[in-house]
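# Per-entry structural report
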Amino acid sequence: MIPEVEEAIEQFKENRITILELCTYEDDVGDDEARCIADALKSNTSVKILDLGANNIGHIGGRYLSEALKINNSITNLDLGGNNLGDLGTVYIADALRVNTSIKTLSLWNNNISTNGGRYLSEAIKVNTSLTTLSLGFNNIGDDGVRHIAEAIKVNKNISKLILEHNNISDIGFQYILDALQVNTSITELIGELNRISRGVFDEIQTYLRKNITLKNNQSSVEEREAELETETLSILKDKLEEHTLLLKNAILMNLPHENLIKLFTRFNEQQITKAEEYIPNNPDCSLDNIVHLLGYGQVVEHE
């Protein structure tokens, strides 16, 4: 293990860093180094970004990392692109995705993943709830593999960015994606260059993506307005509480139990508050039942 990698792993073990980048482009990280990183990953809670791209991690290293990722819930961005995981290593990573709830961005570009790897990955995507960006570029998933991916994104509504460039996908495969986009409205970015896609299918996909972008923008506007309304409502409630402090003081002076105070103040409206303000000071011996009924129903209980 070269000194730079060894030092980085030591920092990783001691929770001294939030980003671990070992993307060396010189194959400095193999299965043995992946095992050391995985061991540290099981207890590390500080690193959010783990970049192990462009190394020489095979399926054995993938298995080590998979076991760690089932335990670790701090990693949000994982880059394993440019390694040699193959279909078997992808099976291990997919297995981790079934239970991991923190990874939002996963890159598996250029990992010798074929149709089988795409199928295993799709099953994990169906149940994963955290992933928003998935990069599978420069593999060999093909039409049949992308069919499984398309079925998965019909179910998974969290992924918004999908990268499938250079995967030997034809119009047949992209038709599966097009069918999925008619169901899934969360995907707003699809990168599929360097495949065998016709202009017509490409344009149809872009039409659906634009629709999804519009829906997302509209939803953002609604959420922003809801947040504004919530702030306004809280402000109004604060004003009302300050306005009716006298009612609270009178209730406290009557030595009402805490739970009854809560009951009292969660049932009022403005009209009933006004009646209570008039009633309580003039009836210091009124019962709790009368106060609750006054606030809840606008009238006191009449006893014969």
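The structure this text deals with has already been given above.
In short, a report on the structure. (Residues numbered from 1 in each chain as written. Predicted model: local features only at pLDDT ≥ 70, side-chain atom pairs only at ≥ 80, totals over all residues. Heavy atoms only, no water.)

What follows is about unusual backbone geometry. Although it is not a glycine, Asn-110 adopts a positive phi angle of roughly 50 degrees. With phi around 60 degrees, Asn-112 is a residue other than glycine that occupies positive phi space. Summarising the element assignment, Asn-112 is placed in the loop between strand S4 (105-107) and helix H5 (115-127). (Helix = DSSP H or I, 4+ residues; strand = E, 2+ residues; numbered from the N terminus.)

Any two side chains of opposite charge can pair, so long as their charged atoms come close to each other. As enumerated under the stated definition, the model contains seven salt bridges in all. Of the charged contacts in the structure, one is a salt bridge between Asp-203 and Arg-199, with a shortest N-O distance of 3.3 Å. You can see Asp-203 and its partner Arg-199 sitting in helix H8 (residues 199-243), four residues apart, about one turn around the helix. Under the relative-accessibility criterion, Arg-199 is labelled exposed at 61%. Overlapping salt bridges, with partners in common, bring together Glu-67, Lys-70 and Asp-95 in one network. (Salt bridge = Lys/Arg side-chain N within 4 Å of Asp/Glu carboxyl O. Buried < 20%, exposed > 50% of the residue type's maximum accessible area, 1.4 Å probe, protein only.)

A sheet is described by the order of its strands in space; here seven strands give the open sequence S1-S2-S3-S4-S5-S6-S7, paired in parallel fashion. Looking at strand neighbours, the two that pair on one side only are strand S1 (19-21) and strand S7 (189-191), the edges of this open sheet. On average, each strand axis in the sheet is inclined to that of its neighbour by 0 degrees, with strand direction left out of account. Inspection of the sheet shows strand S6 (residues 161-163) paired to S7 by three bridges, in the parallel sense. Each bridged residue has a counterpart across the sheet, and for Lys-161 the counterpart in S7 is Glu-189. (Pairing = 2+ DSSP bridges. Axes fitted to C-alpha atoms, helices over the stretch in contact; angles between N-to-C directions.)

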